[in-house]
Amino acid sequence: MKKVSDAYETIDVENVGYVLNQQRANMYKKKLDALKPGKEMDVLLYDYADELLRAGNIDLSINIFEDFLAYFTANEILGKVEAVAEVKRKLAIAYMRKAELENCVSNHNNESCIIPISPKAQYVITENVEKAVKYMEDFLDIYPRDYEIHYLLNIAYMTLGQYPDSVPEIYRIPESYFDNVDFPKFTDVAMDLGLDINALSGGVCIDDFNNDGYLDLIISSWGHKDQIRYFENDKNGGFEDRTSYSGLVGVTGGLNLKHADYDNDGNLDFIILRGAWLENYGGIPNSLIRNNGDGTFTDVTEKAGVLSYHPTQTAVWRDFNLDGWIDLFIGNESSPKGKYRSELYLNNADGTFSNVSEQSGIDSLGFYKGVAAGDINNDGYPDLYISNFNGNNLLFQNVSYDGDLQFNLLDSSGVSEPIESFSTWMFDYNNDGWEDIFVSAYSSGQITPVNMMMANARKVFNKRRPKLYRNNGDNTFTDVSEIVGLDEPVTTMGCNFGDLDNDGFLDFYLATGDPSFVSLVPNKMYLNKGGESFQDITYSGGFGHIQKGHAIGFGDLDQDGDQDVYAVMGGAYEGDNFQNVLFENPIGNENNWINIKLEGSESNRSAIGARIILTLDIDGKERKVFHTVGTGASFGGNSILAEIGIGQATEIKEIIVKWPIKSATVSKFNKVQAKQHILIKEGADDIEVLTLNAMPFKKKAHHHH
């Protein structure tokens, strides 16, 4: 088996984007040293300065761009005005990033980089952001319609405490854009708990990995030398870094993580996904990591038969043939530079898998950025939705009830857009008993995240908005995005859904951005209003973090009955690191809840894919809440524990569990009390009540340096 580090050694840094920025800068420097002064040298020097910025070598990058500016200013050259303006734009971005590192990273606090910038998050070291402002305003004198610089100027003045008054009206984002709605503000407590990992984009799994009933975290960062981290809940309001004890030391990299109990031993395992965006250089092996049940983990990729060398960031665990064992679908990224078919690994029930992609009709080609599993026609068999960045999105219906594992492409389902899509999931947003599909759009070389946001702020129509497809119950879907208020374009990378206010309707958080240092757009939170519409609570809830957002996980980490939200921050470039955040839910028990752990016997042990139906009686009105067991969206990892809000109901009239197995086993229980943790075992006659105590997060006193 080729090591991850060995796979990276084969990358030609001159012909691949995003990664190995310092190596590429070193290559440019070597070429520069061999060149004589002239136009060729100037072009290469410019590229060198750009790459130094991406690598985090900001001072040297700034020095080179300042030299260019002095030369262009002092000499008469063709296109002088444009050249001077462009270098000032580069310098504005570089100084802005330097100011972020000085203030938001080195002097980090729990409100850093959340807009609108609060007094606590305003910069105390202002020299570099002031330089950035001067260069931005000079640039806008020449190019007054550059939306990206309009936006950065607003952010810069916020960091100085001078927004909105100091922002020229022509460039100003209206204060009304940040209007607050009536929603409690969440607070980042990651620093208090030692969970503020300062790294690049990556994945997260929130779940109970040591089977003590409390939620732990596994966190990755995509740099090929970046260590996987494992944090165990200490059951006393904190988390203990168990990485060095876990056997994970030396396991590195990974843009995304997905967890499940693949071998039915009662211990949650996980897969690390690698190689995304690198095209024909993305042949970096994924890693299947087995949980040994004693606090340690073992890499079983080759032994389990899932070793492959394809670029990917997306996969989903589900028992597709309903035999009681979890299978694995991996969506790979094909491009003109390399053909990499998707992979479906069937669980052999002995710790190994067989690749059955071709015979099951699902070894398709595309630049797949997201995949979701769900049962669109309520026949019990999980179907697959694939988000394809380079073409139409695909919905495959599982028709395995006819015999062997088999999928058919549904061409007329109406879910093929948006083009250049990214993250996706299936959930029942309106509690009608049919699973719906969410899929988000992304940016392109021509239309950037900031361009989209500013066009929307100025009421300019933009087609790159997410799609919410409502299930019609007949294998077709209706696009209801605009009807429910999802009309703003958002460049989603990581994401996930949960129930922030325990009303029984699922909300969601979109982690945003793209690799550019300009793309400091806010991550977005949407509150589900009774299955009828979604309300943007980004700014009132304190969720508008403008660093690059990636994997998202919802889970009740402090066992107080409401879901907290962990977000992996940081970008793609080596110099675009940032601290991860954990938003503590302040809502508490305004609404009631039930936490249900399922344990399969005939079904897969962790009951992934099980459907839970709660019947509630609230003030004489009956309503139902539908929940599917799983880790949520395509880029992130919720707890498999069913954490379900039930509104004002104090008792659950009926709980129905439809187990994910061919025999379609059903469990039913009546009159279950709210606000408790329960265990339901497949085939058992009674519910077991779990004794798990709330453990308020330990808070530390912080000061802003």
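From a predicted model like this one, the values you see are computed outputs, not experimental measurements.

Asker: Explanation requested: the overall build of the protein in the structure shown.
Answerer: Counting secondary structure elements, the protein contains 11 helices and 38 strands. Looking at the 705 residues of the protein, the share that counts as buried comes to 64%. In the protein, once contacts between residues fewer than 6 apart in sequence are set aside, the share between residues at least 24 apart is 60%. As displayed, the protein has an accessible area near 25,400 Å², and 47% of this comes from carbon and sulfur atoms. The averaged location of the 104 negative side-chain charges in the protein is 4 Å from the averaged location of its 60 positive side-chain charges.

Asker: Can you walk me through the nonpolar core in this structure?
Answerer: Burial of nonpolar side chains together is a common tendency in soluble globular proteins. Membership of the largest hydrophobic core comes to 129 residues, with the highest contact counts inside it found for Tyr-151 and Tyr-566. No other element matches helix H5 (residues 80-105), which puts 13 residues into this core. Among all residues touching Tyr-566, those that are not within four sequence positions of it are Leu-195, Ile-197, Val-204, Ile-206, Leu-217, Ile-219, Ala-551, Ile-552, Gly-553, Asn-580, Val-581 and Leu-582. Core analysis: the second largest hydrophobic core is formed by 55 residues, Val-306, Leu-598, Ile-644 and Phe-669 among them.

Asker: So what exactly am I meant to see when it comes to the UniProt feature "domain: ASPIC/UnbV" (unreviewed entry) in the protein here?
Answerer: Those places that UniProt annotates as "domain: ASPIC/UnbV" (unreviewed entry) correspond, in this numbering, to residues 607-678. The span residues 607-678 is 0% helix and 56% strand, and its two end C-alpha atoms sit 15 Å from each other.

Asker: Mind showing me how you'd approach the sheet that holds strand S14 (residues 353-355) here?
Answerer: Note on sheets: strands pair through backbone hydrogen bonds, and any given pair is parallel or antiparallel. Across the sheet, 4 strands lie side by side as S11-S12-S13-S14; this open sheet has antiparallel pairing. Only two strands of the sheet have a single neighbouring strand rather than two, namely strand S11 (312-318) and S14. Pairwise comparison of adjacent strand axes, ignoring direction, gives a mean angle of 20° for this sheet.

Asker: Got a minute to help me understand the packing of aromatic side chains in this structure?
Answerer: Note on aromatic pairs: each is described by the distance of the centres and the angle between the planes. Under the definition given, this model contains 43 aromatic pairs. With a centroid separation of 6.1 Å and an interplanar angle of 10°, the aromatic rings of Phe-183 and Phe-186 are classed as stacked. Looking at Phe-186, the relative accessible area reads 2%, which means it is buried. Here Phe-438 and Phe-508 contribute two aromatic rings whose centre-to-centre distance is 5.0 Å and whose plane-to-plane angle is 50°, an arrangement assigned as tilted. Of the two residues, Phe-438 is situated in strand S20 (residues 436-441) and Phe-508 in strand S24 (residues 507-512); the sequence distance between them amounts to 70 residues.

Asker: Which parts of the structure should I look at to understand the side chain of Asn-321?
Answerer: Here Asn-321 is to be found in the loop between S11 and strand S12 (327-332). Leave out the neighbours within four places in its chain, and Asn-321 touches Asp-327, Leu-346, Tyr-381, Leu-405 and Lys-662.

Asker: Help me understand a nonpolar patch on the surface, please; the structure alone is not making it clear to me.
Answerer: Judged by side-chain polarity, Val-81, Ile-142 and Tyr-143 come together as a nonpolar surface patch covering roughly 250 Å² of accessible area. In this structure, Tyr-143 sits in the loop between helix H6 (127-142) and helix H7 (147-159).

Asker: I'm lost on the sheet that holds S24 in this one. Help?
Answerer: Across the sheet, 4 strands lie side by side as S23-S24-S25-S26; this open sheet has antiparallel pairing. Each having just a single partner strand, strand S23 (492-498) and strand S26 (533-536) make up the two edges of the open sheet. This sheet shows a mean twist of 25° between the axes of neighbouring strands, independent of strand direction. For strand S25 (residues 524-529) and S26, the ladder comprises 4 bridges, and the chain directions are antiparallel. When the bridges of S26 are listed, Tyr-526 appears paired with Asp-536.

Asker: Got a minute to help me understand the pattern of salt bridges in this structure?
Answerer: Side chains carrying opposite charge are able to pair once their charged atoms draw close together. Under the criterion given, the structure shown has 32 salt bridges. Salt-bridge contacts for Lys-681 lead to Glu-688; the nearest nitrogen and oxygen are separated by 3.6 Å. Take Lys-681: its relative accessible area is 31%, and that puts it in the partly exposed class. Ionic contacts of the salt-bridge type, sharing partners, join the residues Arg-97, Glu-100, Lys-548 and Asp-576 into one network.

Asker: I tried to follow the environment of Lys-671 on my own but got confused; where do I start?
Answerer: Here Lys-671 lies in strand S36 (residues 666-673). Judged by its relative accessible area of 64%, Lys-671 is exposed. Spatially, the C-alpha atoms of Lys-671 and Lys-653 are 4.8 Å apart, while their sequence positions differ by 18 residues. When near neighbours in sequence (up to four residues on either side) are disregarded, Lys-671 contacts Glu-651, Ile-652 and Lys-653.

Basis of the calculations
Residues numbered from 1 in each chain as written. Predicted model: local features only at pLDDT ≥ 70, side-chain atom pairs only at ≥ 80, totals over all residues. Heavy atoms only, no water. Helix = DSSP H or I, 4+ residues; strand = E, 2+ residues; numbered from the N terminus. Buried < 20%, exposed > 50% of the residue type's maximum accessible area, 1.4 Å probe, protein only. Contact = heavy atoms within 4.5 Å. Areas by Shrake-Rupley, 256 points an atom, 1.4 Å probe, with all protein chains shown as cover. Lys, Arg positive; Asp, Glu negative; His and termini not counted. Charge placed at Lys NZ, Arg CZ, Asp CG, Glu CD. Core = buried A, V, L, I, M, F, W, Y, C linked by side-chain atoms within 4.5 Å. UniProt positions renumbered as here; feature names shortened; annotations may be inferred. Pairing = 2+ DSSP bridges. Axes fitted to C-alpha atoms, helices over the stretch in contact; angles between N-to-C directions. Phe/Tyr/Trp six-rings, centres within 6.5 Å; stacked < 30°, edge-to-face > 60°. Patch = residues over 30% accessible without salt bridge, like charges linked within 9 Å, V, L, I, M, F, W, Y side chains within 5 Å. Salt bridge = Lys/Arg side-chain N within 4 Å of Asp/Glu carboxyl O.

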